[in-house]
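Report on the structure
Given next are the chains, with one letter for each unit.
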Amino acid sequence: MNTFKVSVQETTNNAIVKFELNQFVTKNQSFEFNNIDEAKSSPLAQQLFYLPFVKKIYISGNFIAVERYNIVEWKDVQDEVAQQIEAYLNDGGTVITETATAKKVPVTVYAESTPNPSVMKFVANKKLVTAMFEFTSIEEAKLSPLATELFHFPFVKSVFFDENYVSITKFDITEWQEITFEIREFIRSFIEKGKDIVLPEATETLKKSTEQLDHHFEALDDTSKQIVNILEEYVKPAVASDGGNIQFIGYDENTKNVSVLLQGACSGCPSSTFTLKNGIENMLKEMLPGKVAMVEAING
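Given the structure is predicted, the values throughout are model-derived calculations rather than measurements. (Residues numbered from 1 in each chain as written. Predicted model: local features only at pLDDT ≥ 70, side-chain atom pairs only at ≥ 80, totals over all residues. Heavy atoms only, no water.)

What follows covers the overall build of the chain. Within the chain one finds eight helices and 13 strands. For a compact globule of 300 residues, the expected C-alpha radius of gyration is about 19 Å, and the chain comes in at 21 Å, within 12% of that figure. The C-alpha extent of the chain, read off along each of the three principal axes, is 60 × 50 × 35 Å. In the chain, which comprises 300 residues, the proportion classed as buried is 46%. In the chain, of all internal contacts separated by at least 6 residues, the share reaching a separation of at least 24 is 60%. (Helix = DSSP H or I, 4+ residues; strand = E, 2+ residues; numbered from the N terminus. Rg over C-alpha atoms; globule rule 2.2 N^0.38 Å. Buried < 20%, exposed > 50% of the residue type's maximum accessible area, 1.4 Å probe, protein only. Contact = heavy atoms within 4.5 Å.)

Structure follows, in structure tokens:
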């Protein structure tokens, strides 16, 4: 069984804090409880209501949001609440019973074109995954029920997941206008049925957990760390909006060459390989003078 980890996330409402989990605890369902009596279907929520400052609890996907009364400040109690939730989950505590009635939130999915004509981005109104995943064959997709199902469509070449969207790369045997509606409805129905997008063990098995990524980062040399930070801050947000990702592969201190992996809509795009390679290359040369000679962009 995978270990639950809880991180504290502030919200725009200073009375509400989100306790974000590294795994999903509901099947794309949302639950709201205003008091301990309403929370009979959630043993976890009932336990939290014993804290005198808890006013309201909202459970959805991979987070638990708690609204407080003004008798305390979150900074004084949030770490203890996070530890309590983490301990409860790791002891096998029940989050939601099968008799619970979910708050009805319709699942919506819309299709969005990307700069890569072979890739379409399908965006959901639900969080789908806690880490990025890319699968380029049905054999690779064993840890993702949704990707496995998508590969049964003969035109699906690769599948990329991030946060709340799926980027699908197609073969040239058909055009998007012929298949977009079918794919969009298939994904929407899959999510609505509460099926696993990826299996709970996928994050750790594929070395995508926060702890594994942090450990990998700490093992890098100083220049590589600087490169990763630059990619994270300046490059990834832009390419994510287009349904893709740039992943750092390595840095050669002798040749001063940087290798990056293009994923999702970035992979195989007629324009992105050249544009991104040169854009990243120029940025790294400017921000790390004398440390970078060339960037090699590899398609995922």
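Next up on the list: the pattern of salt bridges. Per the stated rule, a full pass over the model turns up 13 salt bridges. For Glu-73, the salt bridge goes to Arg-68, with nearest N and O atoms at 3.6 Å. Of the residues examined, Arg-68 reaches a relative accessible area of 6% and is grouped as buried. Ionic contacts of the salt-bridge type, sharing partners, join the residues Arg-184, Glu-185, Arg-188 and Glu-192 into one network. (Salt bridge = Lys/Arg side-chain N within 4 Å of Asp/Glu carboxyl O.)

Before going further, it helps to examine the UniProt feature "domain: Scaffold protein Nfu/NifU N-terminal" (unreviewed entry) in the chain. In the UniProt entry, the feature "domain: Scaffold protein Nfu/NifU N-terminal" (unreviewed entry) is given for residues 6–92 and 109–194. Across residues 6–92, helical content stands at 28% and strand content at 32%; the span's end C-alpha atoms are separated by 15 Å. For residues 109–194, helix accounts for 27% and strand for 31%, while the C-alpha atoms at its two ends are 15 Å apart. (UniProt positions renumbered as here; feature names shortened; annotations may be inferred.)

So, on to the side chain of Thr-180. Position of Thr-180 relative to the elements: it lies in helix H4 (residues 176–192). A polar side-chain atom of Thr-180 sits 2.6 Å from the main-chain carbonyl oxygen of Trp-176. Residues within four places of Thr-180 in sequence aside, it is in contact with Ala-111, Met-120 and Phe-122. (Polar contact = N/O pair within 3.5 Å; in protein donor to acceptor, adjacent residues only side chain to side chain.)

Taking 1.5 Å per residue as the helical rise, helix H2 (residues 74–90) with its 17 residues ought to reach 24 Å, and the 23 Å between its terminal C-alpha atoms agrees with that figure. Buried within H2 we find Trp-74, Val-77, Gln-78, Val-81, Ala-82, Ile-85, Tyr-88 and Leu-89. All buried residues of H2 fall inside an arc of 150° around its axis, so they share one side. Residues Asp-76, Glu-80 and Gln-83 are exposed on H2 and point more than 90 degrees away from its buried face. Where H2 is buried, its residues touch strand S1 (6–10), strand S2 (16–21), helix H1 (43–49) and strand S5 (63–68). Phi turns positive, to about 85°, at Gly-92, one or two residues after H2. (Expected span 1.5 Å × (residues − 1). Arc of directions from axis to C-beta.)

Its identity is not glycine, yet Glu-163 carries a phi of approximately 45°, on the positive side. Among the secondary structure elements, Glu-163 is positioned in the loop between strand S9 (156–162) and strand S10 (165–170). On the basis of relative accessibility, which here comes to 40%, the residue Glu-163 falls in the partly exposed class. If you check the backbone angles, Lys-256 has positive phi at about 60° while not being a glycine. Secondary-structure assignment places Lys-256 in the loop between strand S11 (244–252) and strand S12 (257–264).

A few words on the packing of aromatic side chains. Counted according to the given criterion, the structure contains ten aromatic pairs. Aromatic ring contacts, followed pair by pair, group Phe-153, Phe-155, Phe-186 and Phe-190 into a single cluster. Positioned over the ring face of Phe-63 is Lys-18, at 4.2 Å from the centre of the ring. Seen from the ring of Tyr-165, Lys-121 lies directly overhead, with NZ or CZ sitting 4.5 Å from the centre. (Phe/Tyr/Trp six-rings, centres within 6.5 Å; stacked < 30°, edge-to-face > 60°. Lys NZ or Arg CZ within 6 Å of the ring centre and 35° of its normal.)

Strand pairing within a sheet occurs via backbone hydrogen bonds; the two strands may be parallel or antiparallel. Taken in spatial order, the three strands line up as S11-S12-S13 in an open sheet, and their pairing is mixed. With partners counted over all chains shown, the strands left at the sheet margins are S11 and strand S13 (294–299), one partner each. Across this sheet, the average inter-strand angle for adjacent strands is 25°, counted without regard to direction. Sheet topology places S11 next to S12; eight bridges connect them, and they run antiparallel. Residue pairing for S12: Phe-248 is matched across the bridge by Val-260. The strands touched by helix H7 (residues 222–241) within the sheet are S11 and S12, with S11 carrying the most contacts at an inclination of about 165°. (Pairing = 2+ DSSP bridges. Axes fitted to C-alpha atoms, helices over the stretch in contact; angles between N-to-C directions.)

To continue, consider the sheet that holds strand S4 (residues 54–60). With antiparallel pairing, five strands are arranged side by side in an open sheet as S1-S2-S5-S4-S3. Strands at the two margins of the open sheet, each flanked by one partner only, are S1 and strand S3 (30–33). On average, each strand axis in the sheet is tilted by 20° relative to the strand beside it, whichever way the strands run. Running at roughly 30° to S2, H2 makes contact with S1, S2 and S5 of the sheet.

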